[in-house]
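# Survey of secondary and tertiary structure
Listed below are the residues making up each chain.
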Amino acid sequence: MSGYVRNLAQAARAAQAAIAAADAPTRRALLDGMAGQLLAGQDAILAANAGDLERARQSGAGKATLDRLALDPGRVRDMADALREVAAQDDPLGEVTRSDVRPNGLRIERQRIPLGLVAMIYEARPNVTAEAAALCLKAGNAVLLRGGSEAAASNAAIAACLHAALRDAGLPEAAVSLVADTAREHVLELLQLTDLVDLAIPRGGESLIRFVAEHARVPVIKHYKGVCHLYVDRAADLDLALGLLVDGKASRPGVCNALETLLVHRDVAAAFLPRALDALKARGVEVRGDAGVRAFDATLAPATEDDYAAEFLDLVIAAKVVADLPEALAHIARHGSDHTEVIATADPAAADAFVHAVRSSAVMVNASSRFNDGGQLGLGAEIGISTTRLHAYGPMGAEALTIERFVVRGDGQVRHPESRAG
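Residues numbered from 1 in each chain as written. Predicted model: local features only at pLDDT ≥ 70, side-chain atom pairs only at ≥ 80, totals over all residues. Heavy atoms only, no water.

This paragraph deals with the overall build of the protein. Counting its regular elements, the protein contains 15 helices and 16 strands. Taken over the C-alpha trace, the protein has a radius of gyration of 24 Å; the compact-globule value for 422 residues is 22 Å, and the two agree within 12%. The contacts in the protein between residues at least 6 apart in sequence include a share of 73% that link residues at least 24 apart. Put simply, the protein shows about 17600 Å² of open surface, and 50% of that area lies on carbon and sulfur atoms. If you average the places of the 44 positive and of the 54 negative side-chain charges in the protein, the two averages end up 3 Å apart. (Helix = DSSP H or I, 4+ residues; strand = E, 2+ residues; numbered from the N terminus. Rg over C-alpha atoms; globule rule 2.2 N^0.38 Å. Contact = heavy atoms within 4.5 Å. Areas by Shrake-Rupley, 256 points an atom, 1.4 Å probe, with all protein chains shown as cover. Lys, Arg positive; Asp, Glu negative; His and termini not counted. Charge placed at Lys NZ, Arg CZ, Asp CG, Glu CD.)

Attention shifts here to the packing of aromatic side chains. Enumeration according to the criterion identifies 1 aromatic pair in this entry. Judged by centre distance (6.5 Å) and plane angle (15 degrees), the ring pair of Tyr 231 and Phe 354 falls under stacked. With Tyr 231 in strand E7 (residues 228-232) and Phe 354 in helix H15 (residues 348-357), this residue pair connects regions lying 123 residues apart in the sequence. The same class applies to Tyr 231 as to Phe 354, namely buried. Between Arg 184 and the ring centre of Phe 211, over which it is positioned, the NZ or CZ distance is 4.2 Å. (Phe/Tyr/Trp six-rings, centres within 6.5 Å; stacked < 30°, edge-to-face > 60°. Buried < 20%, exposed > 50% of the residue type's maximum accessible area, 1.4 Å probe, protein only. Lys NZ or Arg CZ within 6 Å of the ring centre and 35° of its normal.)

Strand order in the open sheet formed by 4 strands is E5-E4-E3-E6, and the pairing between neighbours is parallel. The two strands at the open ends of the sheet, each matched to only one other strand, are strand E5 (176-178) and strand E6 (199-203). Neighbour-to-neighbour, the strand axes of this sheet turn through a mean angle of 20 degrees, independent of strand direction. Most of the contacts of helix H7 (residues 152-168) go to E5, to which it runs at about 155 degrees, and overall it touches strand E3 (117-122) and E5. (Pairing = 2+ DSSP bridges. Axes fitted to C-alpha atoms, helices over the stretch in contact; angles between N-to-C directions.)

With that out of the way, let us pick up the state of the cysteines. Across all of its chains, the model carries 0 disulfides by this definition. No disulfide involves Cys 256; its sulfur sits 7.0 Å from that of Cys 228, the nearest cysteine. The exposure class of Cys 256 is buried, given its relative accessible area of 13%. (Disulfide = S-S within 2.5 Å.)

With that settled, the discussion passes to the nonpolar core. The biggest cluster of nonpolar side chains holds 53 residues, and the ones touching the most others in it are Met 34, Leu 38, Met 120, Val 176, Ile 383 and Leu 401. Leaving out residues up to four positions away in the same chain, Met 120 has contacts with Val 128, Ala 132, Val 143, Leu 144, Leu 145, Arg 146, Ile 201, Arg 203 and Ile 383. Grouped together as the second largest cluster of nonpolar side chains are 32 residues, Leu 230, Leu 259, Val 268 and Ala 344 included. (Core = buried A, V, L, I, M, F, W, Y, C linked by side-chain atoms within 4.5 Å.)

Working definition: two side chains of opposite charge can pair if their charged atoms are close together. All told, the structure shown has 23 salt bridges when counted by the stated rule. For Arg 112, the salt bridge identified is with Glu 399, shortest N-O distance 3.2 Å. Of this pair, Arg 112 sits in strand E2 (residues 107-114) while Glu 399 is found in the loop between strand E15 (394-395) and strand E16 (402-409), placing the two residues 287 residues apart along the sequence. Residue class for Arg 112 comes out buried when judged on its relative accessible area of 11%. Exposure remark for Glu 399: the relative accessible area of 45% places this residue in the partly exposed category. In this structure, Lys 225 and Glu 206 form a salt bridge, with 3.6 Å as the shortest nitrogen-oxygen distance. Here Glu 206 lies in helix H9 (residues 206-215) and Lys 225 lies in the loop between H9 and E7, a separation of 19 residues in the sequence. Through salt bridges with shared partners, one network takes in Glu 95, Arg 110, Arg 112, Glu 399 and Glu 404. (Salt bridge = Lys/Arg side-chain N within 4 Å of Asp/Glu carboxyl O.)

Looking now at helix H2 (residues 24-40). Over its 17 residues, H2 extends 24 Å from the first C-alpha to the last, a length consistent with the 24 Å expected when each residue adds 1.5 Å. Buried residues belonging to H2 abut helix H1 (4-21), helix H3 (42-58), helix H5 (73-88), helix H6 (126-138), H7 and E5. (Expected span 1.5 Å × (residues − 1).)

Let us look at the packing of H2 against H7. Where H2 meets H7, the closest approach of the two axes is 8 Å, and the angle between their N-to-C directions is 135 degrees. Classified by the angle their axes make, H2 and H7 are oblique. Every pair of crossing elements has a handedness; the one defined by H2 and H7 is right-handed. Taking contact as the criterion, the partners of Leu 30, Gly 33, Met 34, Gln 37 and Leu 38 in H2 are, on H7, Ile 158, Cys 161, Leu 162, Ala 164, Ala 165, Leu 166 and Asp 168. (Parallel < 35°, antiparallel > 145°, perpendicular 65-115°, else oblique. Left-handed = near helix turned anticlockwise from the far one by under 90°.)

Following this line, the structure appears as structure tokens:
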């Protein structure tokens, strides 16, 4: 190991104490300052991003990668807005989540404190640089950012803005540390730093998630792939269902909360599928279907088992006609990735059965899968969508980057009376 990442992690760990010691108004002002610096540095950020995009195109990057990589003035403004929204949220540090008094007079509290040093490992998403930093700082943590090589210039330009805000606030720049050298060996080094790194969060393609999970000695929360389903129930409002389908699949197909599979109850297949297939075709979506779907359009490609397990991240969707809700649930259990599932139905009993049976991090009833997003769910931003059932599940905001400890206040209580001094 070169020691390069260890040195960065040691500096970040030392800086974390200053962030945790800062009061809530100071950290709020810091995030507001970061938002302002992003807007002030927009030209430099977009110039760096243009270079990253050109290099990605020359290397043959796909549409989904290019979409996640691309920045424009609107996306820079969205980053700044996300930071301001996080800044305005209630401060999670010191929050008492439980308070009671035991029969012996001990006063028991559970209190939120920072995790410490969070390592963020991600690909082709330069907005993560700003949003992960903001969420970690809001929760009193430091962050070690290792972005992908395809976004190296963009990440560096964004990090420069964040560092300017830290300097203005009189706080150490190392609290937001960027691993500028994207060599794979440095990821391996980072994942072994059990004495410095409290949590690693990988966010990217399936191969990245598996690599981190297989090589990490530090704790890992996985942001795994999104094989998201829409089930159109026999009691669905078909106009509503069509809107959910088009928004979920076609609005931004390269993101993890986009729909990848459509399941339709056989009782409404004849009324719904011709409309659905026409709407998808009009938006350039390729449909791969089972025999029940292809009965309405024989030109469609047959869907394979691999298609039903695929995260296409593109204008492609797998479709299937199911006999009933139990068959839909069985299909989701077999092929889903615990990310987001959607039911369209006007039947409260069907909705409740779906909610209770599905294990995913978010379940939508008559709402688009695209709402499984930290900003949309009121978190301001997200550091990822956890599909690991640990202390956080689903979109992770600042509160998910804290842990709870016990604080016990007494007036001399001892467990064994004989322990008292005579």
